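Structural characterization, general
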Protein chains: 2
Amino acid sequence: MKLGIIGGGQLGRMLALAAYPLGIDVRTLEPSPDAPAGRLTEQIIAAYDDRQALAAFAAGLDLVTYEFENVPVQSAAFLAERLPVHPGPRALEVAQDRLHEKTFFRSLNIPTPGFAPVASPAELRRAVADLGLPAVLKTRRLGYDGKGQYVIARAADLDAAWEALGGVPLILEEHVDFSRELSILAARSTGGEIALYPLVENHHRGGILRLSLAPAPDRDGALNRQAESLARRVLEELGYAGLLAIELFERDGVLLANEMAPRVHNSGHWTIEGAETSQFEQHLRAITGLPLGATTARGLSAMVNLIGTLPPIEPILALPGAHLHLYQKAPRPGRKLGHITLRAADTRKLQQTVLAIAQLVPELPARSLI
Amino acid sequence: MKLGIIGGGQLGRMLALAAYPLGIDVRTLEPSPDAPAGRLTEQIIAAYDDRQALAAFAAGLDLVTYEFENVPVQSAAFLAERLPVHPGPRALEVAQDRLHEKTFFRSLNIPTPGFAPVASPAELRRAVADLGLPAVLKTRRLGYDGKGQYVIARAADLDAAWEALGGVPLILEEHVDFSRELSILAARSTGGEIALYPLVENHHRGGILRLSLAPAPDRDGALNRQAESLARRVLEELGYAGLLAIELFERDGVLLANEMAPRVHNSGHWTIEGAETSQFEQHLRAITGLPLGATTARGLSAMVNLIGTLPPIEPILALPGAHLHLYQKAPRPGRKLGHITLRAADTRKLQQTVLAIAQLVPELPARSLI
C-alpha cells in the first residue's frame, strides 16, 4: 500500500515513521525541499494547489491523508475525485474556519466559549458589548500557534485590534477564565470503530504548546465522560475517519470546546512511548480500515516541546525515561524543532524529571506543576 | 549527523527508523535494489566489496555501522581508514568464525559447548571420538538460521556430513542437551558505559527463531548474574561500541555461550515496545557516544517472527497489545518477512494472546509455553 501525505513537516515525518512498520510506503507533497518528512519519504516538491503536481502526487497512491488542516479544500476535492482522502472534506471545512467550528460544536450541544462573527468595526463593537472584555479577536482562518490573534483587554484596544487583523473575516471570542487547558485525542476508523485516548493537560506559553501531561492529572469520572461524549458526537457527525484532536478549556468542572484539528496533534506526541498505540499508528489504522489499537496509557508521560533552539542533547538522554524526537529543522524563534517525552511510573518521579529538564529547556512552565 | 549502515535488510530498516528521531540521517550500502531499508534511506546499490561504491558510500558520512556480521573484513578496514566504524573490526573477526568465537569465549572463562576444529575426514573422526554423538558439524563461516549445519546422530552419518559440508573449514560442536535457549542483549558506548537488557528466552524451529519471550520466565538471580558477567567480559575485552547479542544454552543452571552477533539481533526486537529503550536506539546511542538508555522491561513481551508467508493482518491487529512490523520483503519459504510483538501486563494474559496468535501464524511453538 502506498499512502500520500499532504505536508512534509514533523507530523508527516512521524506518520511516515509509523507507516513503514505497517508495510505502508509514503509519498509526501510539500513545497519545502528540506522538509522533515522528505528525508525518509518520496517527496514531491510543489505548492499544495499546483494541479499538475497534485496529479503526479496522486498517481499510484492508494490513499491520501494530510498533516495540517489548512490544505486548500479545492486540492482535497481534486484528489478525492481520484482516490480516497481521509479525513473527509467536511472535517477540513469545519476546522478551517473558527466560526464554522464553534457553530458546529454548538449544533452538537457541545459547550464553547461565547463567540460572534466580526466583519466590520461596528460588528466588533457590538460583539464586545455582547461578550464583554477581555475578549480575543481572531482571524477565522489560517491561525495557529497564537498567530492571527489579538487580546482586547479594554475598550481602548478596539481600534488597534481592528487595525491589526481587520480586512479578513474575524471572530470575537469570549476570554475564558479557565482552570486549565485539556485535549482529547479520538480516532474513528472507516469501519466506524471508535477509540479514545485519556485526557491530556496542556500548558502553553506565547501561544505555543510547551508541555503536555498525559494522562491529565486530577481528572474525575465526570470530566472523562464529558470529553468522551463530545468527542464521539464530533466523530459520528462528521462520519470521520482518522485521528482527531479537540482542544478544551476546563471551567468550573465543565469542558468548553475551543478548537479541533482533523489530524494527528502535538498534544498526542506522548502516545509514541506513553500509550499502547501511538496516535500516528492509530491514524493509519483508522484511515486504512484496520482494527484500532488500544489507547491505554503506559505509566505517566510528560511531553516537552523544543522551541526555537535545541538544548544540549546529552544531559537530556541521560535522564531516566527520556525519549528524544528531533525534526531536523533549522532553528528559528518560535519554531518547533523537536520534542521530548518523559515517562515515569508515578507522579513524583515524573515531576522530578520535568524539573530536571526545565534546567535545560527554556520557557518550560514546569514550576506550575508543583 | 549522517550514519552509514552496511546492509539494508530489516535490521538496517529498524535502525533507520530509530535514527531519524535522534536527528540522524541514514545512507545504506546494499546490493538488492528493493531492500527493506531502501524505502526510507538513501541507498547505494552495490556489492559489499566494491571499492568504488565503498568510497562513494563513505563520502559525507560521520560514522559507519552494519546490520550483519558477515561484512567483508577488508571492506570494514577500508572504511575504518576513512571514518569511525562501530563495532570495531575485532568483533567482526571473532564473530565471523565459529572456531574463533568459541575460542574467544573460552579465553574469557565463559563456558561453551565442547568443540573441535575439523579440516579433514580424519579430524572429523577424532573430534567425534572426543565429543561423542550426537554432535553438530558446522561451517566455521557464513552460517545463519541453521544453514551450513549437519547433525551427526550416529557414526554412520559421518561420511554424509563430510560430503555435505567438507571442503571449507569446519567445526564440530557438542550437541548440548539444553533445557532452553536464551540470549542477552548488551550495549557498550564509545565512552565505556555498559547497559544490559534482561535475559530473553528463544524458541526455534527448523533452525529459525520463531518466538522470544522477554524478560525470560523463571530466571533466578544466579542465571542473571552469569549472563551479565559474561556479557560484560565480552564487551570489555573487545573494547566494544554498539549493541551485541550473545546466544546462550541453559544446562543444569549453567549458561553456555553458543554464539555472538556484533549487531542488533532478532531476539531483541521485543525491545521496540517492550523495553524503555529499543535495541536499535541503544545501538545508535552507543556508537555515537550518547548516554545509554534504560533497559528496563515494560511489562511482558512475546516476539513472534513471521516466516515465509504473511498471516492475515486484521485479526492480528485486533489482538490487545499486538504491534506489527512488516519488512516489505517478497514472500519466500524460510524468509523473515516481519514480526509481531505482543505485550501484556501478566503471564496469563500474554499466554492467551500467544495462543490466539498461534491460530494465525503457522509453526509457532506456542503450546510449548504452557
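Residues numbered from 1 in each chain as written. Chains lettered and ligands numbered in written order. Predicted model: local features only at pLDDT ≥ 70, side-chain atom pairs only at ≥ 80, totals over all residues. Heavy atoms only, no water.

1. Here we look at the overall build of chain A
- Each helix and strand in chain A was counted, giving 12 helices and 17 strands.
- For chain A, whose C-alpha radius of gyration is 20 Å, the value lies close to the compact-globule estimate of 21 Å for 370 residues.
- If you line up chain A on its principal axes, its C-alpha atoms span 55 × 50 × 40 Å.
- Across the 370 residues of chain A, 60% fall into the buried class. (Helix = DSSP H or I, 4+ residues; strand = E, 2+ residues; numbered from the N terminus. Rg over C-alpha atoms; globule rule 2.2 N^0.38 Å. Buried < 20%, exposed > 50% of the residue type's maximum accessible area, 1.4 Å probe, protein only.)

2. Here's the deal with the sheet that holds strand β1 (residues 2–6) of chain B
Residue and element names in this part refer to chain B.
- Reading across from one edge, β3-β2-β1-β4 is the order of the 4 strands in this open sheet, with parallel pairing throughout. Edge positions in the sheet fall to β3 (42–44) and β4 (63–66), since each of these pairs with one other strand and no more. Sheet twist, expressed as the average angle between the axes of neighbouring strands with direction ignored, equals 25 degrees.
- Pairing geometry for strand β2 (residues 25–29) and β3, over 3 bridges, is parallel. Paired with Leu-29 across the strands is Ile-44, a residue of β3. (Pairing = 2+ DSSP bridges. Axes fitted to C-alpha atoms, helices over the stretch in contact; angles between N-to-C directions.)

3. Section: the packing of helix α2 (residues 51–58) of chain A against helix α3 (residues 73–80) of chain A
Residues and elements named next belong to chain A.
- Remark: α2 packs on α3, axes separated minimally by 10 Å, with the N-to-C direction vectors making an angle of 40 degrees. By the criterion of interaxial angle, the relationship of α2 to α3 is oblique. For the crossing formed where α2 meets α3, the hand is right-handed. Judged by residue contacts, Arg-51, Leu-54, Ala-55, Phe-57 and Ala-58 of α2 engage Gln-74, Ser-75, Phe-78 and Leu-79 from α3.
- In the contact of α2 with α3, the residues fall into 6 nonpolar, 2 polar and 1 charged. (Parallel < 35°, antiparallel > 145°, perpendicular 65-115°, else oblique. Left-handed = near helix turned anticlockwise from the far one by under 90°. Contact = heavy atoms within 4.5 Å. Nonpolar A, V, L, I, M, F, W, Y, C, P; charged D, E, K, R; others polar.)

4. Topic: the pattern of salt bridges
All names here are of chain A.
- Tallied over the full model, the rule gives 38 salt bridges over all chains.
- For Arg-154, the salt bridge goes to Asp-157, with nearest N and O atoms at 3.3 Å.
- Overall, Arg-154 belongs to the exposed group, its relative accessible area being 52%.
- With relative accessibility at 13%, the residue Asp-157 sits in the buried group. (Salt bridge = Lys/Arg side-chain N within 4 Å of Asp/Glu carboxyl O.)

5. Some thoughts on the interface of chain A and chain B
- Taken together, the contact pairs 31 residues of chain A with 31 residues of chain B.
- Surface buried jointly by chain A and chain B totals about 2,800 Å² across both partners, of which 50% is contributed by carbon and sulfur atoms.
- Summed over the shared surface of chain A and chain B, the number is 4 salt bridges.
- Linking Arg-39 of chain B and Asp-25 of chain A is a salt bridge whose minimum nitrogen-to-oxygen distance equals 2.3 Å. (Buried area = accessible area lost by both parts, 1.4 Å probe.)

6. A short note on helix α2 (residues 51–58) of chain B
All names here are of chain B.
- Where α2 is concerned, the buried positions are Ala-53, Leu-54, Phe-57 and Ala-58. Taken down its axis, α2 places every buried residue within 135 degrees of arc, on the same side.
- Against the buried residues of α2 lie β1, β2, β3, β4 and α3 (73–80).
- Measuring from the backbone nitrogen of Gln-52 back to the side-chain oxygen at the start of α2 gives 3.1 Å, which picks out Asp-50 as the cap.
- Trailing α2 by a residue or two, Gly-60 shows a phi angle of about 90 degrees, which is positive. (Arc of directions from axis to C-beta. Polar contact = N/O pair within 3.5 Å; in protein donor to acceptor, adjacent residues only side chain to side chain.)

7. Comments concerning the sheet that holds strand β8 (residues 170–174) of chain B
All names here are of chain B.
- Spatial strand order, β5-β8-β6-β7: 4 strands in an open sheet with antiparallel pairing. Each end of this open sheet is capped by a strand with a single partner; those strands are β5 (115–118) and β7 (149–152). Put simply, the sheet's adjacent strands are angled 25 degrees from each other on average, direction ignored.
- With 4 bridges connecting them, strand β6 (residues 135–139) and β7 associate as antiparallel partners. Bridge pairing links Ala-135 to Ile-152 in β7.
- Where helix α6 (residues 121–131) meets the sheet, its contacts fall on β5, β6, β7 and β8, and the angle it forms with β5 comes to roughly 175 degrees.

8. As for the packing of aromatic side chains
All names here are of chain A.
- Under the criterion given, the structure shown has 8 aromatic pairs over all chains.
- Summarising the aromatic geometry, the rings of Phe-178 and Phe-249 are spaced 4.7 Å apart at their centres and angled 0 degrees between planes, so their arrangement reads as stacked. Of this pair, Phe-178 sits in the loop between β8 (170–174) and β9 (180–188) while Phe-249 is found in strand β13 (residues 242–251), placing the two residues 71 residues apart along the sequence.
- The class for Phe-178 is partly exposed, based on a relative accessible area of 31%. (Phe/Tyr/Trp six-rings, centres within 6.5 Å; stacked < 30°, edge-to-face > 60°.)

9. Considerations on the relation of the copies chain A and chain B
- Mapping chain A onto chain B calls for a rotation angle of 180 degrees and an axial translation of 0.0 Å; the resulting RMSD is 0.0 Å. On this basis, the relationship between the two copies can be described by a two-fold rotation axis. The position closest to the rotation axis in chain A is occupied by the C-alpha of Leu-40 of chain A, lying 2.3 Å away.
- By residue overlap, the copies meet face to face through one surface: 100% of the interface positions of chain A are interface positions in chain B. (Least-squares fit on C-alpha atoms with pLDDT ≥ 70 in both.)

10. Description of the confidence of the model for chain A
- Confidence along chain A averages 95 in pLDDT terms, with 98% of residues attaining 70 or more.
- This complex was scored by the predictor with a pTM of 0.96 and an ipTM of 0.95. (pLDDT = per-residue confidence, 0-100.)

11. A look at the environment of Leu-300 of chain A
Residues and elements named next belong to chain A.
- Topologically, Leu-300 is positioned in strand β15 (residues 300–307).
- Separated by 44 residues in sequence, Leu-300 and Leu-256 have C-alpha atoms that sit 25 Å apart.
- The residues touching Leu-300, leaving out its near neighbours within four places in the chain, are Ala-214, Pro-215, Leu-342, Arg-343, Ala-344, Asp-346, Thr-347 and Leu-350.

12. What about unusual backbone geometry?
Residue and element names in this part refer to chain A.
- The omega torsion across Ala-214 and Pro-215 is -15 degrees, close enough to zero to call that bond cis.
- Structurally, Pro-215 is set in the loop between β12 (208–214) and α8 (221–238).
- Of note in the backbone geometry, Gln-328 takes a positive phi value of approximately 60 degrees without being a glycine.
- Looking at the element boundaries, Gln-328 is found in the loop between β16 (322–326) and β17 (336–344).

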